[in-house]
Amino acid sequence: MTRRAPADAPTPTVAAVTADARQPWLDALPETLPAEAAPSPATPSQAPGVPARSLDPDAEPGVDLDVLDDVQRRVLWLATRIVDAANRERQTGDGVKVGGHQASSASLVTVMTALYFAHLDAPDRVSVKPHASPVFHAIQYLLGRLDRGYLTTLRARGGLQSYPSRTKDPDEVDFSTGSVGLGPAAPLFAAAVRRYVDAHFGERPASRFVALLGDAELDEGNIWEAVADPALQGLGKVTWVVDFNRQSLDRVVPGIRIDQWRASFEANGWHVAEVKYGRRLQAFFSRPGGEALRGWIDAMPNEQYQSLFALAGAELRQRFLDGAPDGVEALVADVADDDLAVLVTDLGGHDLGAVLEALAACDAETDRPSVLFAYTVKGWGLPIAGNPRNHSALLSGDQVDALRERTGLDAGTEWDRLDPATPAGQWVERRARHLTREPRTPRLEVVVPDATGVKVSKPVSTQEVFGRVLVDLSRDAAVAPHLVTTAPDVATSTNLAGFINRTGVFSPAERRSWNADPVLKWAEGPTGQHIELGISEMNLFLLLGQLGLSWDHSGQPLLPVGTVYDPFVCRGLDAFIYGTYSGSRFLVAGTPSGVTLAPEGGAHQSTITASIGLELPGVTFMEPAYATALDWLMCDALGRIAAGGTDAAGRARTAAPHDDGAYYVRLSTRPVDQAPFEAARARLGDAVLRRQVLAGAYRLVDAHAAHPELAEQNAPVVHLVGSGAVLPEVIASAQELAEEGIAAHVVDVTSLDRLYSAWQRTLRQGVRTATAPSVPGALRTAFGDRAPVVTVHDAASHAMAWVGSALGVPAVPLGVDEFGQSGTVHDLYGLHDLLPGSITNAALAALSL
Ligand SMILES: Cc1ncc(C[n+]2csc(CCOP(=O)(O)OP(=O)(O)O)c2C)c(N)n1
Ligand SMILES: [Mg+2]
């Protein structure tokens, strides 16, 4: 069968990228290297610096490099073949290339073999570079954790995901990856969470947090925000292994970047290690004068070095010596042309012993994170090795056949696990036992109360209530220990000060306080429950993401709460998405939000965030206006986080995924009169009102109850639908309309998201069963009568514009669709048609539609 792709598919054909490739297969390495360059007989198969060990990893683990080498050959084969099968043997029928990354995978085969089959222990956690997912799955398969049937399902529905996914892959992925930069940062945050958990709940078996990242991932800014953050300093159990193949997607990375990277990591307190040269080159360097060769390879720009992979014979020698200092030519004069190719591309990232030794050296650094630059070859062991266009190149059928044969397999055995009768097969079985993990549960056996009963008499803002609810919860002996808050330098301006006063700020060691502040007690020490970050919203969401997965990586569920200025949710959005895609559960408050942050101006006023909250899967977006509604919503959200997506018996709940992840409340600093809510409470009763608030909407003002004469007169009816801080204007407009003989009910939407999801569920049900959809219960209860609507939102008007469609009535959506500017709330509401007069006019327009 041949791969189905359009004739003009942009992927380089294998023939095109491999015509001149010269990467010999491992065991085809020529024997004709000069004696000094050949591996010393004294170091046959044992990792230097790694203790000699038996084949029993449970009894003083030992490692035999020949055995590991057998394993890595099989890993390379399977990873390559997984991508190959997906592309050459699957009939997709849609003309779309399946894709996959054989070269990026091959690049990490040695490092990942060393890790999984010699280095890791069960409690360790690993983030795998997105394009190495085939290597990960091949390893899981060899360890007996993935059924054979999955090996031919890469990128197929229900099969292996293109990039490692915690929530979608059939095997146990520690960290999702895909959006480069975020995956490697995640274990750093997970390690910070472990440090927190150990300090608060007692030390658990130590875990090492490892990230395997591509060298081009270091260009992502979030990497450096994480590396620099004071909250992430001193994490000794973290090792990042950079797959230093000097190639990105498009090109050979220009110049030489190692010095820049090294200096940047070191400046941030990291330990920097390298595994640069393989044993052949190292042996050569130790010849008399051999150091000159090292100097020349070190000085050679990436472009020149990488170009060697496409050359052979005299041509390769000529290119290699182009620009070389005196002496180098003579030094390699006695190396045959073919051997020279092998010698100069002998990089340490493909030397199992050197990799293990370097990993051990990183472990020895116990008080700071380590980064290990493993020099590798993109496409190592494959005919596409080192080719600048190999990023998504695929081997041809003939090339795959040749690789299969070289691996000692045939069509009948190609998908087999390692033979348990062989040392490699036995070793792998033992490693599988060694890596077996303890079970964990996301469920926290704590009852979060339905409400804290926050009391308010005068107008109050939702942001203030948010802070008070947290303080109240910090007095609940069962809940309090599990609460942990975090903010990117906005804790005090988002009302976390009360919580911080009670619980303190987390620091691994006690820190002396130099300023006694009568209002804010900023006491830092190991018992603190607030984690303060530098100003990086990316870091906020990366930390929240990992706090919400602490049950998995640290065996301790938590109740994480974060705060961020609402407009800057966008700044951390990719990390927000990353966390929720990973299945993390936390509560985040975007506050203050909208144009009620009036004097602050356009740069601080959020408009599109309600839409973001509404549309993000795995996030429930909520925007209450009143204290008690927020109290109920927060307690309910924390209760759901505690339940961990499981039912009372601890089984995974099958609830709609939309309501089974993170919670996002959009808040304001605008004080709002609570009397209308109390009136609704008196009318509906707590139980009914709470149910409706949690479902997403309730009738705040019932025009017929407030103005019975309008009902009697059969007055025209309209629904004014508001969400959040703009409710006072909506209520005032309803009053104006009543005076004009129009019955305007006011609906307070507490969760646009839940309302929309309810509508979508009934619609989808209708679509799937070809039946007429009904108006969902939550909408029916809140709206009752069929009447035109005006939606009013201190956010983009689009976010609520669907309400008319859901009810099947004319609608006029009002909102903020321009960038903001400084002013008073009144000024800005006037500017955006959110004052009562405009709402009244909109109602009249809706009635006339
Ligand atoms: C945020 C983001 N931007 C762009 C991409 C597309 N992309 C995927 S891999 C890649 C290059 C990666 O190079 P490197 O990290 O060196 O990995 P290699 O394949 O060389 O191991 C790019 C640009 C992505 N996945 N994520
Ligand atoms: Mg690369």
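Before reading further, recall that the structure is shown in the block above.
None of the values given here were measured: they were computed from a predicted structure. (Residues numbered from 1 in each chain as written. Chains lettered and ligands numbered in written order. Predicted model: local features only at pLDDT ≥ 70, side-chain atom pairs only at ≥ 80, totals over all residues. Heavy atoms only, no water.)

Draft legend 1. A look at the overall build of the protein chain. Check the secondary structure of the protein chain and you find 33 helices and 18 strands. The dimensions of the protein chain, computed from C-alpha atoms along their principal axes, are 105 × 65 × 55 Å. Within the span of the protein chain, comprising 849 residues, buried residues form 59% of the whole. Of the roughly 32,000 Å² that the protein chain leaves accessible, carbon and sulfur atoms contribute 52%. (Helix = DSSP H or I, 4+ residues; strand = E, 2+ residues; numbered from the N terminus. Buried < 20%, exposed > 50% of the residue type's maximum accessible area, 1.4 Å probe, protein only. Areas by Shrake-Rupley, 256 points an atom, 1.4 Å probe, with all protein chains shown as cover.)

Draft legend 2. Local environment of the sheet that holds strand β18 (residues 811-814). Reading across the sheet, the 5 strands line up as β14-β16-β15-β17-β18 and stay open at both edges, with mixed pairing between neighbours. Edge positions in the open sheet fall to β14 (697-701) and β18, since each of these has one partner strand only. With strand direction ignored, the average angle separating the axes of adjacent strands in the sheet is 25°. Here β14 pairs with strand β16 (residues 743-749) via 4 bridges, running antiparallel. Residue Ala697 lies in a different strand from β16, and its bridge partner there is Val749. (Pairing = 2+ DSSP bridges. Axes fitted to C-alpha atoms, helices over the stretch in contact; angles between N-to-C directions.)

Draft legend 3. Main features of the pattern of salt bridges. All told, the structure shown has 40 salt bridges when counted by the stated rule. Between Arg443 and Glu445 there is a salt bridge, with the nearest N and O atoms lying 3.2 Å from each other. In this structure, Glu623 engages Arg666 in a salt bridge whose closest nitrogen and oxygen atoms are separated by 2.8 Å. You can see Glu623 sitting in the loop between β12 (619-622) and α23 (627-643) and its partner Arg666 sitting in strand β13 (residues 662-666), a full 43 residues away along the chain. Of the two residues examined, Glu623 and Arg666, each falls in the buried class. (Salt bridge = Lys/Arg side-chain N within 4 Å of Asp/Glu carboxyl O.)

Draft legend 4. Structural detail: helix α15 (residues 397-406). Buried within α15 are the following residues: Gly397, Gln399, Val400, Leu403 and Arg404. Each buried residue of α15 sits inside an arc of 160° when the element is viewed along its axis, so together they form one side. Exposed residues on α15 whose side chains face more than 90 degrees from its buried face are Asp398 and Glu405. Just downstream of α15, Gly408 is the residue with a positive phi angle, here 80°. (Arc of directions from axis to C-beta.)

Draft legend 5. Seen up close, the nonpolar core. Core analysis: the largest hydrophobic core is formed by 180 residues, its most contacted members being Phe117, Trp240, Leu293 and Phe373. Not counting residues within four places of it along the chain, the set of residues in contact with Phe117 comprises Leu68, Val71, Val75, Met112, Ile139, Leu142, Leu143, Trp427, Val428 and Arg431. Counting residues in each nonpolar core, the second largest holds 79 residues, with Tyr565, Ala589, Trp632 and Leu700 among its members. (Core = buried A, V, L, I, M, F, W, Y, C linked by side-chain atoms within 4.5 Å. Contact = heavy atoms within 4.5 Å.)

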